[in-house]
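Structural description and commentary
What follows is each chain in one-letter form.
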Amino acid sequence: MHIPDAFMPISQGIIYWAIALVFIALSLRWVRQEMDETKVPLIAVLAAGIFAIQAFNLPVAMGTSGHLVGGALAAIVLGSPWAAVFILSLVLIVQGVIFGDGGITTMGANILNMGVIGGFVGFYSYKGLMAATRNMNISAFVAAWLACLIPALACAVEMWIAGTFPLALGLAGMGLYHAAIGIIEGGITVVALHLIASVRPDIVSVTKEVTT
Amino acid sequence: METRALVAAGIVLAILIGIAAVFLASPDPDGLESTALVVQGDKTLTGDTPPDARVNENSEGQFSYEAPLPDYSLGELWGRPGEILALAAGILVMVLLIFGISRLVVRPAK
C-alpha cells in the first residue's frame, strides 16, 4: 500500500503531508503525556518488528502478495491509536528515506492511510468488538482486518483524486486484494498480541482490557 | 522478561523475520501494484500476475528521489547477504530512532 512518488501530483502530496504532520505532532504529545521510560523498550521492539515484518510479503492468491501493516497491532498493544501514528510514521519515514519503499512526496498520504486511518480503525474496532464479544482473538482479528481494508479503500480514493486509478476499478482492486491481505494482518496481529502479552503482561495494555 | 532481555529478544526476532523475508518473501506485486497492473490492463482482477508485468511509473514532472539502499538491498554485488544486512541496518535504525526520540520527549519513570 506504499504509494510511490509517481502515483500522485506533488500538490496533492503536500496536502496529505500537512494533514499527516498534525497527527504526527499529536502523537508526539501522546508520547510525552502517556508514555514513560518503562514503555520505551516495548515501543522500540514493536517498531523494529513491524519494520521487519513489513518486508516479508506473503502470497495471497490472485497474483498478489501482502504483509502486515501493524497499525492495529501497535494501537491495541499500547492502548491508543496514537501509538500506531507514532510507530507507523517512523517506520514509513525509514522505509521511504533509506530504502525507497514509498515515496517522499507521498509519505504524508502513506502515514495518513497506514498510521492514522489504520491505527484509529484498528483501535476503535477492537474496543467496540471487545465490548460486544469479550473475545480478544475475534476482536483483534477483525479489527486488524478492517485496519488493512479501510486504509486500502482510502488509498484507492486518493489514487482516484490523483488521476492514477479510475474510482470503481481502484476500489475493486484495492478492496479485493486487501480483503485477502487483511487475513494475514488479522492472523499475525493475534499471534503477536499473545506473544507480547506472554512475555510482558505488565506493560501491555491489551491484557488489562482482557482481564477487566 | 527483563527489559534488556526483551529488547535483545525483540531485535533478534526482528532480524530472524528479516532473514526469512529475504529468502521466502513472495515476489508477487503488493495490493497497490496489483491494482495498478489491473488499471494498466496487464493483469485481470483475480488472475495471476504475468512474470514480465511492470507497473508504469510516469515520473515526468514528479519528484524523484534516489534512496541510499533501494529495495532493501546493498546492490547486486552483495546479493542476499546484502539484503540481510540492509534489513538488519533498518531494524537497528528503528530501535535507535525510538530510543532517541523518546529521550527527547518521554518523561522519566517515577
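Here, the structure is the one placed above.
Bear in mind the structure is a predicted one, so any value in this text is a computation, not a measurement.

Reading the values: the criteria
Numbers given to residues run from 1 along each chain, matching the order in which its sequence is written. The order in which chains are written sets their letters, starting at A; the order in which ligands are written sets their numbers, starting at 1. Only residues with pLDDT of at least 70 are given local features in this predicted model, and only at 80 or more are side-chain atom pairs given and counted; all residues enter the totals for whole chains, interfaces and linings. Side-chain numbers here rest on the full set of heavy atoms in the structure, without hydrogens or water. In this analysis, two residues are considered to be in contact whenever any of their non-hydrogen atoms come within 4.5 Å of each other. Summed over both partners, the accessible surface that disappears when two parts come together, traced with a 1.4 Å probe, is what is meant by buried area. Here, a salt bridge means any side-chain nitrogen of Lys or Arg that lies within 4 Å of a carboxyl oxygen of Asp or Glu. Between N or O atoms, a polar contact is any pair within 3.5 Å; within protein, one atom must be a potential hydrogen donor and the other a potential acceptor, and residues adjacent in sequence are included only when both atoms are from side chains. By the criteria applied, helices consist of DSSP H or I runs no shorter than four residues and strands consist of E runs no shorter than two, each listed in order from the N terminus. To get an axis, a line is fitted to the C-alpha atoms, and for a helix only the part in contact is used. The angle between two axes follows their N-to-C directions and goes from 0 to 180 degrees. In what follows, roughly perpendicular refers to angles from 65 to 115 degrees, roughly parallel to angles under 35, roughly antiparallel to angles over 145, and oblique to any angle outside these ranges. Left-handed describes a crossing whose near helix is turned anticlockwise from the far helix by less than a right angle; the clockwise case is right-handed. As a working rule, the residues Ala, Val, Leu, Ile, Met, Phe, Trp, Tyr, Cys and Pro are called nonpolar, Asp, Glu, Lys and Arg charged, and the rest polar, with Gly in that last group. Only protein chains enter the calculation, and the probe is 1.4 Å; a residue is then buried if its accessible area is under 20% of its type maximum, exposed if over 50%, and partly exposed in between. Neither His nor the chain ends contribute to the count of charged residues, in which Lys and Arg are positive and Asp and Glu negative. What makes a nonpolar core is a set of buried Ala, Val, Leu, Ile, Met, Phe, Trp, Tyr and Cys residues whose side-chain atoms join them at distances within 4.5 Å.

Every contact between the two is made by 71 residues of chain A and, on the other side, 65 residues of chain B. Both faces combined, the contact of chain A with chain B buries some 5400 Å², and carbon together with sulfur accounts for 73% of it. Viewed at the interface, chain B and chain A are joined by zero salt bridges. Connecting chain A to chain B are 15 residue pairs in polar contact (both at pLDDT 80 or more). When residues of the side of chain A that touches chain B are traced back to their parent elements, those giving at least two are helix H1 (10–34), helix H2 (40–54), strand S1 (58–59), helix H4 (81–99), helix H6 (136–161) and helix H7 (167–199) of chain A.

Residues and elements named next belong to chain A. Orientation of H4 relative to helix H5 (residues 107–133), taken along the N-to-C sense of each, is 150°, at an axis distance of 8 Å. For the element pair H4 / H5, the angle class is roughly antiparallel. As for the relative orientation of H4 and H5, their crossing is right-handed in sense. Contact residues: Pro 81, Trp 82, Ala 84, Val 85, Leu 88, Ser 89, Leu 92, Ile 93, Gly 96 and Val 97 in H4; Met 107, Asn 110, Ile 111, Met 114, Gly 115, Val 116, Gly 119, Phe 120, Phe 123 and Tyr 124 in H5. Grouping the amino acids of the contact of H4 with H5 by side-chain chemistry returns 15 nonpolar, five polar and no charged.

Locating A:Glu185 in the fold gives a position in helix H7. Although A:Glu185 lies buried, it forms no salt bridge, and the closest oppositely charged side chain, B:Lys43, sits 19 Å away as judged by the N-O distance. When residues no more than four places from it in sequence are discounted, the contact partners of A:Glu185 are A:His67, A:Leu68, A:Val69, A:Gly70, A:Gly71, A:Ala144 and A:Cys148.

Here H4(A) crosses helix H3 (residues 79–105) of chain B at 135°, and the two axes come no closer than 10 Å. Taken together, the axis directions place H4(A) and H3(B) in an arrangement best described as oblique. By crossing handedness, the relation of H4(A) to H3(B) is classed as right-handed. In contact with A:Phe86, A:Leu90, A:Val91, A:Val94, A:Ile98 and A:Phe99 of H4(A), H3(B) contributes B:Ala86, B:Gly90, B:Val93, B:Met94, B:Leu97, B:Ile98 and B:Ile101.

This part is about the nonpolar core. Ranked by internal contacts, the top residues of the largest apolar core, which has 92 residues, are A:Phe51, A:Val77, A:Leu78, A:Ile87 and A:Met159. Ignoring any residue separated from it by four or fewer positions in sequence, one finds A:Met159 in contact with A:Ile3, A:Phe7, A:Met8, A:Thr164, A:Phe165 and B:Leu32. If you look at the next biggest cluster of nonpolar residues, it comprises eight residues, including A:Val60, A:Cys148, A:Ala180 and B:Val38.

Our next topic: the environment of A:Phe56. Mapping A:Phe56 onto the fold places it in the loop between H2 and S1. Setting aside chain neighbours within four positions, we find A:Phe56 in contact with A:Gly66, A:His67, B:Ile17, B:Ala20, B:Ala21, B:Leu24 and B:Ala25.

For the rest of this paragraph, the subject is the side chain of B:Thr35. You can see B:Thr35 is positioned in helix H2 (residues 31–40). A relative accessible area of 1% places B:Thr35 in the buried class. Beyond its immediate stretch of four places on either side in the chain, B:Thr35 contacts A:Phe165, A:Leu169, A:Gly170, A:Gly173, A:Met174 and A:Tyr177.

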